[in-house]
Every structure is written in structure tokens, then in C-alpha cells.
Amino acid sequence: VNGGQTTASIYSACKNCDDPRLEMISVQMKLIVASGSHVENLVGNISRYANSQNKIKDTDFASNQRFMLRMEGFSRRLTANPGGTLHGTRWFFERTRGQYLNTINLAKTESECNKFKQMYPKDQVFIKSDMAKYVLSWDWAPWIVAKGAENAFAEFEKRRFGSDHDSLPGGEHVRAWKFKDAEGNPQFSEYYYKELIGKAILFKQLDKALRKCDWCVGYRSPILSYSLALLHYVVYNSRK
């Protein structure tokens, strides 16, 4: 649907203004009904070309991919118990831009807001390009991560969200985590998501350690990615 932003602005005016006077306002829109096996690619292309006048990142266009929807589903129901705490926490995968803050703003009471923040701490929020950094660093491709978030995400998509080649460590595991749904589309298991969070934890802990080091100022990002790749290399070869 084109006209969504205008409709949202009218709704906001109606909700927040004492006398919005909207009775005579109408919004022209274009509605495309998509169905069939090609709906995912069709919707993505419509979003891309209908918004070509605005600067929109490739990560934004990927928001409605089945893979992203699946990761979002896992992030909303899988709870960890760090340090044996009574009430565990979850990692919030921000499938669409600003999703975390929008969810907080929708809380009806302060108690509801605090409960959400306790369940999803701010330092456990990650976006699509973050996911690409975690996986590509672990997959021995830190030079791709060093090219920037959008380049990393493009390669992440190209590799179908993880190692899938016999020569790369972890490839056999990614294949094991994949299966086909009723329509023949590749899916990923819950275990894939859990290991993704494991890579995120390692990535973030290394980042915290490097932030305390003066010698890596200005180069922390590539050093971080190469360090995680080296860690995996050491672990991988120690098992041989």
C-alpha cells in the first residue's frame, strides 16, 4: 500500500489534536494484492522501487523475508537464564527499524514498560546488520565485516545466512539446521538461533574488552571482527 505514511500522520493528528477537522480529508492510495509462490520477491521489489526517491537501506527491504520473521519469532519466545537468575532475559531482534523503542512507547503503564525492559535489556537488542557481523566474523570472513554494515549484510544474504560450504567451518551445522517447509522454502531450526545468540555474546564481550584498550582506538571494529574469527580458528583446530 502506498499512502501509509500519510495515513499514519492523519491518525496521529486525530489522536493527539483536540480539533483535527479531518472530515473532508481523503487519501489516494495504490493497493496491490499479491498471492502465490512469488509473493515474497514481489512484495520486496514493490517496496524497493516504490520508494526509490527515498534513501532506504537494503536491510530495510529484507524485513519481511521468511528468515527474518522466523528469527523474530524465536527472539520473542526463547528465554535465557544468565547467572542462574530466577527471571531470565531475551534477546530482542529488531526486524524493522525502531521496533524496540516503538514497543516501549506502546506500553500502557510504567510498570508494563519496566517489565518489558527487564525482559529485553537494551544491550541485548540487535539488528539485521549486527546479525551479519556475528555470523561472518565467526565464519572466517572478517574482511567483509570491515567493509561496513550494508556490505556485510549483502554477503550474509548471499551466503543464505551462514556457512554453507564444506571448506568453511560450521557449514555442516548450518545444513543440519535447515529444513524445508510445506512449500519447499528453506527454514532454520531453533538451534540455529541459539547459536546465533552465542556468537552475539562472544562478539559483544570482545567489544567490551577492546573498549578498555587504548592501543586499538580507531581500529576497534576490524580488530573485533578479526579477533572473533581467530577465536573460532583456534577452537576449530584444537578439536582436530
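1. Quick word on the overall build of the chain
Across its full length, the chain holds 12 helices and 4 strands. Taking all 240 residues of the chain together, 32% fall into the buried category. When contacts within the chain are restricted to residue pairs at least 6 apart in sequence, long-range pairs at least 24 apart make up 56% of them. Summing over all exposed atoms, the chain offers an accessible surface of approximately 15600 Å²; the carbon and sulfur share of this is 54%.

2. Some remarks on the environment of Phe156
Mapped onto the elements, Phe156 comes out in helix 9 (residues 149-158). A relative accessible area of 1% places Phe156 in the buried class. As a C-alpha pair, Phe156 and Met131 span 25 residues in sequence and 8.6 Å in three-dimensional space.

3. Topic: the packing of aromatic side chains
Overall, the coordinates contain 20 aromatic pairs when judged by the stated rule. Taken together, Phe67, Phe153, Phe156, Phe161, Phe188 and Tyr192 form an aromatic cluster joined through their ring pairs. The side chain of Arg76 reaches across the aromatic face of Phe92, ending 3.8 Å from its centre.

4. Points about the layout of surface pockets
A volume near 580 Å³ is recorded for the second largest pocket. Where the lining of the second largest pocket is concerned, the elements lending two or more residues are helix 7 (128-138), helix 11 (190-211) and helix 12 (220-238). Residues that form the lining of the second largest pocket fall into these classes: 11 nonpolar, 5 polar and 10 charged.

5. Observations regarding the pattern of salt bridges
In the structure shown here, the tally under the stated rule is 7 salt bridges. Its salt-bridge partner being Glu72, residue Arg76 comes within 3.4 Å of it at the nearest N-O pair. Residue Arg76 and its partner Glu72 are both found in helix 4 (residues 66-77); the two are separated by 4 residues, about one turn of the helix. Judged by relative accessible area, Arg76 falls into the partly exposed class, the value being 24%. If you follow the salt bridges from partner to partner, you end up with Glu72, Arg76 and Arg95 in one network.

6. Considerations on the nonpolar core
Membership of the largest hydrophobic core comes to 33 residues, with the highest contact counts inside it found for Phe67, Met71, Phe126, Phe156 and Tyr193. Among the elements that take part in this core, helix 11 stands out by supplying 7 residues, more than any other. In this view, Met71 contacts Phe93, Met131, Phe188, Tyr192, Tyr193 and Leu196; residues no more than four positions away in its chain are not counted. Core analysis: the second largest hydrophobic core is formed by 8 residues, Phe92, Tyr100, Ala107 and Phe116 among them.

Rules used in this analysis
- Residues numbered from 1 in each chain as written.
- Predicted model: local features only at pLDDT ≥ 70, side-chain atom pairs only at ≥ 80, totals over all residues.
- Heavy atoms only, no water.
- Helix = DSSP H or I, 4+ residues; strand = E, 2+ residues; numbered from the N terminus.
- Buried < 20%, exposed > 50% of the residue type's maximum accessible area, 1.4 Å probe, protein only.
- Contact = heavy atoms within 4.5 Å.
- Areas by Shrake-Rupley, 256 points an atom, 1.4 Å probe, with all protein chains shown as cover.
- Phe/Tyr/Trp six-rings, centres within 6.5 Å; stacked < 30°, edge-to-face > 60°.
- Lys NZ or Arg CZ within 6 Å of the ring centre and 35° of its normal.
- 1 Å grid on protein atoms, 1.4 Å probe; cavity = no way out; pocket = protein on both sides within 12 Å on 5 of 7 lines; lining within 4 Å.
- Points joined across faces, edges and corners; volume = space filled by probe spheres on them.
- Nonpolar A, V, L, I, M, F, W, Y, C, P; charged D, E, K, R; others polar.
- Salt bridge = Lys/Arg side-chain N within 4 Å of Asp/Glu carboxyl O.
- Core = buried A, V, L, I, M, F, W, Y, C linked by side-chain atoms within 4.5 Å.

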